[in-house]
Amino acid sequence: MPEEELFRRLEAELSADSSELLEPTTEVINLGKARAARSAKPEAGTDEPAPNEADEPRPRLVDQRTPAHAGPGLIDRIKNSKRMDVIPAWAKSASEFKDAMKWLAGHVWHSIAFHAVRVPFLYVPKLVWRSPRGVANTLGQITRWVSDAESEPLRRAEARREDTDRYLKLSRQRDRRAVWRGMLLTFAMPFVAAAALYLAFGTSFGAQLLALALAVLGFGVKGAPADAPLATRAVIKTEVQKLTSDIVVKAMASIGIGQITSAVAKGGDGIKFVAPITREGPGWRADIDLPLGVTVADVADRRARLASGLRRPLGCVWPEADPTEHEGRLILWVGDRDLSKTGYVKWQLASARRHDIFKGAPFGIDPRGRNQVVPLIQHNVLIGSLPGQGKTASVRVIASAAALDASVELWLHENKGTGDLDALKCVSHRFVSGIDDDSIRYAADSLRLLREEVMRRAAAMKKLPRDLCPDKRITREIANKRSLKLWPLLAVFDECQNLFAHPEYGKQAGEDAEFVIKLGRALGVILVLATQRPDKDSLPTGVSGNVSIRFCLRVAGQVENDMILGTSAYKNGTRATAFRPEGDAGNGYLVGATALPTVVRTAYLDDPATDAIAQRALALRKAEHTLSGIALGEEGETPAGPSYDLLADVAAVVPVSEERVWNERIASRLAELRPEVYGGWKGENVTSALKPHGIRTTGVAGMTDDGARTTRRGIVRADLTNAIAERDGTRDAA
Ligand SMILES: Nc1ncnc2c1ncn2[C@@H]1O[C@H](COP(=O)(O)OP(=O)(O)OP(=O)(O)O)[C@@H](O)[C@H]1O
């Protein structure tokens, strides 16, 4: 802020204060009037009406002039204060430290290589060219030294001032110097001549050449003009303007938020900096309190205007909320470089031997350069974007992370038919790549099998002892017990719009997906769905509404944005519509993985990189004997799950004579029929398994084994027969 402006503001504030202070003293108090007023109003307060105004009702102010309490006490304030890291985060992170060291080594290596290439072609010829001038410069310097030329200006000055004494003193000193320096030179000359003769006649040709080269190079250095250095810089620093509070205030005033603009127009700042602007990662961070009533979403909405106000590219400006503070606390991070110009982000696990899926899948980096991880266990993932913005690339990263955990069963379906996931086929239990009806049917079958798998797992989980499974959720410990068959199962459906919008298989696939998403989460079944057409026909709302992790790359409009990121995402400022075509491929909003939506640039794995990871995963799985299904060369069409027909099985255990039957009886008979499939089933398992087939449960009167009459949940056998007939009819028609 300019000085005069500051002065003006200080003066204004001081005069305001002083007028407030002076007011009571400058008023002449009429004691009689004051007494009358007091007697008229026993609870005299400064805001009460004066006696002559008593008839006019005025609102009574309830605030006290001075607060009764000065705020929280010292201990409370200390307790609420924020503790800064003892050791900065970057120093604690081995990977960040390694990255910095790698960058430094690369930088040094670049400088060495840059100059090494230029030595023979540029630097040496330049030195040779400059050496005659260097000889002349050297001789000139010696002559000036011997004749004490540096004291010449002093002598001249004394001569001009006509100070004879001082002039004579300087002249005598110069004569003395010239004599002994001349003697020194005369004394040195024979040695120089002898050395020259020795070099000319007494040494080998190599030594002569070396001496000549050194002399030429030495004189070349002496002959360099002061304004033309020999070497050019290997690295030119692209100076990024430092972010200052003035720049931020000006930019914030230009984005069209009324409170800030008017405050700045009145000479204020409008915003408050709660901490000094600091360097964070490759950029600057400003922590700002917005004016009352203004939210971070209001600023995020105007990101483009803010970028213009800051005079930075859009990809450098990232306003974010601070989840630990109030709604008006803005973290403004301004990067040195546009996020889309970061190039391909290297995947953290690119050279890892193995990974633990319970730690999530390393996914990419946020604009501040921090690694971002997508949690997978107990989650489902929905990815969406316009074509060519990086969906398949993000799916590949997630699938590769899962592949590197040998316990994870991979079911990969890529219904685009371009073979983007082919590299991972060697470690998949089920795999399909294609857009034809057979491939779509395969994917639909997978969802049906997943539904059955979820039911099997639910029953198996129920049987687990409490100490092993206190939360009724898959844990690493449970996943490692291969005999339980409760390892994580990650199923990818890339371009799932082709499946859900399929006229024949779409509807059932949508219902199955919804079922799996709702129930499979705790049971270790993870769905990863990617779509380029997020509308209600191609993505059932039951699916889009229930996923927990969402990643949205560039989309065309608000509807698609909210379909992927969740209702109101657009309104709250999470707008994937702001990403630019192609340039922002790989950049998207990640929701659900962190407390607030974050922009992430995903790591990129090309085909060879994915292939290398798949080969490592294959070796790992071979060693741990966890390969199955397609990976073992089983026929692609073979359903991987248990091959049974639930309706036929129920029909088999409920004789025609039994018109109505309790579900708990069906469960125990099924368990007897196929213990490996229905073992542990209870009545409610039967209820939920039959529901998708349109068979509703009802109250059925019956007799318990002890002979007591009671009514329990059960089915009517006619409903079962109808469901079988309907299904078989549809099958035949198809
Ligand atoms: N993380 C990334 N970093 C840099 N470039 C990327 C990234 N992800 C994708 N791209 C670029 O975008 C291109 C398209 O990526 P990808 O095939 O994954 O898109 P898509 O959304 O799956 O396309 P489609 O909808 O046509 O299948 C890639 O070839 C690559 O050049």
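Thresholds, definitions, all that
- Residues numbered from 1 in each chain as written.
- Predicted model: local features only at pLDDT ≥ 70, side-chain atom pairs only at ≥ 80, totals over all residues.
- Helix = DSSP H or I, 4+ residues; strand = E, 2+ residues; numbered from the N terminus.
- Buried ≥ 20, exposed ≤ 12 C-beta atoms within 10 Å, placed from the backbone.
- Contact = placed C-beta atoms within 7 Å.
- UniProt positions renumbered as here; feature names shortened; annotations may be inferred.
- Axes fitted to C-alpha atoms, helices over the stretch in contact; angles between N-to-C directions.
- Parallel < 35°, antiparallel > 145°, perpendicular 65-115°, else oblique.
- Left-handed = near helix turned anticlockwise from the far one by under 90°.
- Nonpolar A, V, L, I, M, F, W, Y, C, P; charged D, E, K, R; others polar.
- Core = buried A, V, L, I, M, F, W, Y, C linked by C-beta atoms within 7 Å.
- Pairing = 2+ DSSP bridges.
- Near = placed C-beta within 6 Å.
- Arc of directions from axis to C-beta.
- pLDDT = per-residue confidence, 0-100.

(A) Spatial organisation of the overall build of the protein. In terms of regular secondary structure, the protein is built from 25 helices and 18 strands. Every one of the 734 residues in the protein was classed for burial, and the buried ones make up 32%. Pairs at least 24 apart in sequence give 66% of the contacts found in the protein among residues at least 6 apart.

(B) Local environment of the UniProt feature "binding site: ATP" (unreviewed entry) in the protein. Under the feature "binding site: ATP" (unreviewed entry), the UniProt entry names Ser 385, Leu 386, Pro 387, Gly 388, Gln 389, Gly 390, Lys 391 and Thr 392. You can see Ser 385 is positioned in the loop between β8 (381–384) and α13 (391–403). Every residue in contact with Ser 385, bar those within four places of it in the chain, is listed here: Gly 390, Lys 391, Gln 532, Cys 552, Leu 553, Arg 554, Val 555 and Gly 588. Summarising the element assignment, Pro 387 is placed in the loop between β8 and α13.

(C) How the structure looks around the packing of α13 against helix α20 (residues 607–624). The contact between α13 and α20 brings their axes to 9 Å, and the two run at 20 degrees. As far as their axial angle goes, α20 and α13 are roughly parallel. Considering only the axes of α13 and α20, their crossing is left-handed. Contacts from Arg 396, Ser 400 and Ala 403 of α13 reach α20 at Thr 610, Ile 613, Ala 614 and Ala 617. Along the lines of polarity and charge, the residues of the contact of α13 with α20 split into 4 nonpolar, 2 polar and 1 charged.

(D) Inspection of the nonpolar core at higher detail. In terms of nonpolar packing, the biggest core is built from 139 residues, with Ile 398, Ala 399, Ala 402, Ala 403, Leu 410 and Leu 490 touching the most fellow members. Beyond its immediate sequence surroundings of up to four residues, Ile 398 is in contact with Ala 361, Val 374, Val 381 and Val 528.

(E) The sheet that holds strand β11 (residues 489–494), seen in detail. Overall, mixed pairing links the 10 strands, which are arranged β7-β6-β15-β14-β13-β8-β12-β11-β9-β10 in an open sheet. Every interior strand has two partners, whereas the edge strands, β7 (371–374) and β10 (430–433), have only one. Between one strand axis and the next, the sheet turns by 25 degrees as a mean value, whatever way the strands run. Sheet topology note: the β11/strand β12 (residues 525–531) ladder contains 6 bridges and is parallel. Within β12, the residue paired with Ala 491 across the bridge is Leu 527.

(F) Looking closely at the UniProt feature "transmembrane region" (unreviewed entry) in the protein. According to UniProt, the positions carrying the feature "transmembrane region" (unreviewed entry) are residues 178–199. Across residues 178–199, helical content stands at 100% and strand content at 0%; the span's end C-alpha atoms are separated by 30 Å.

(G) A look at the pairing of β11. Extensive coverage of β11 is indicated by the burial of 6 of its 6 residues. Burial of β11 is two-sided: the residues Leu 489, Ala 491 and Phe 493 facing one way and the residues Leu 490, Val 492 and Asp 494 facing the other way are all buried. Sheet topology note: the strand β9 (residues 409–414)/β11 ladder contains 6 bridges and is parallel. Paired with Glu 414 across the strands is Asp 494, a residue of β11.

(H) Region of interest: the site of the ligand. Lining the immediate environment of the ligand, one finds 16 residues, of which Gly 390, Thr 392, Ala 393, Ala 585 and Gly 586 sit closest. Ranked by the residues each element gives to the shell around the ligand, the list is headed by α13, at 3 residues.

(I) Broad picture of the sheet that holds strand β18 (residues 709–716). One open sheet holds the 3 strands; their spatial order is β16-β18-β17, and the pairing between them is antiparallel. On the outer flanks of this sheet lie β16 (660–662) and β17 (698–703), each paired with one strand and no other. Strand-to-strand, the axes of this sheet are offset by a mean angle of 60 degrees, without reference to chain direction. Strand direction decides the pairing type here: β16 and β18, joined by 3 bridges, are antiparallel. Note on β18: the bridge partner recorded for Val 661 is Ile 715. Contacts between helix α22 (residues 663–673) and the sheet are confined to β16 and β18, with β16 contributing the most and set at about 75 degrees to the helix.

(J) Structural context of the environment of Leu 646. Within the secondary structure, Leu 646 sits in helix α21 (residues 646–653). Look at Leu 646 and you get partly exposed, because 17 C-beta atoms sit within 10 Å. Sequence separation between Leu 646 and Tyr 678 is 32 residues, and the spatial gap between their C-alpha atoms is 9.9 Å.

(K) Inspection of unusual backbone geometry at higher detail. The phi angle at Glu 495 is positive, at roughly 55 degrees, despite the residue not being glycine. Owing to 25 C-beta atoms within 10 Å, Glu 495 belongs among the buried residues under this scheme. Even without being a glycine, His 625 presents a positive backbone phi close to 55 degrees. On the neighbour-count criterion, His 625 (9 C-beta atoms within 10 Å) is exposed.

(L) The arrangement of helix α24 (residues 683–690) in detail. Residues of α24 that are buried include every one of Asn 685, Val 686, Ala 689 and Leu 690, and no others. Projected down its long axis, α24 carries its buried residues within an arc of 120 degrees, all on one side. Turning to α24, the residues buried within the fold contact α14 (437–463), α21, α22 and β18.

(M) Looking closely at the environment of Val 454. For Val 454, the location among the structural elements is in helix α14. Owing to 24 C-beta atoms within 10 Å, Val 454 belongs among the buried residues under this scheme. Taking the C-alpha atoms as reference points, Val 454 and Gly 520, 66 residues apart in sequence, are found 5.6 Å from one another. In this structure, Val 454 is in contact with Phe 515, Val 516, Leu 519, Gly 520, Leu 523 and Val 525, ignoring residues within four places of it in sequence.

(N) Broad picture of the confidence of the model for the protein. Per-residue confidence for the protein gives a mean pLDDT of 82, with 85% of residues at or over 70. Between the elements of the protein, mean pLDDT differs from a low of 44, seen in helix α2 (residues 31–40), to a high of 95, seen in β11. Counting contacts from residues 14–56, a segment whose pLDDT is below 50, to residues more than four positions away or on other chains yields 12 contacts. Every residue in residues 636–643 scores below 50 in pLDDT, and together they form 15 contacts with partners more than four places removed in sequence or on other chains. Here the complex is predicted with pTM 0.60, and the ipTM for its interfaces comes to 0.96.

(O) The packing of α14 against helix α17 (residues 506–520), seen in detail. Two numbers describe how α14 lies on α17: the axes approach to 9 Å, and their chain directions differ by 30 degrees. For the element pair α14 / α17, the angle class is roughly parallel. Remark: the crossing between α14 and α17 carries left-handed chirality. Counted together, Ala 444, Leu 447, Arg 448, Leu 450, Arg 451, Val 454 and Ala 458 of α14 and Gln 508, Ala 509, Asp 512, Ala 513, Phe 515, Val 516, Leu 519 and Gly 520 of α17 form the full contact between these two elements.

(P) Layout of the pairing of β18. In this sheet, β18 lies alongside β17 in antiparallel orientation, the contact comprising 6 bridges. For Thr 698, the partnering residue across the bridge sits in β18 and is Gly 714. Hairpin connection of β17 to β18: 5 residues between the antiparallel strands, including Gly 707 at a positive phi of 95 degrees.

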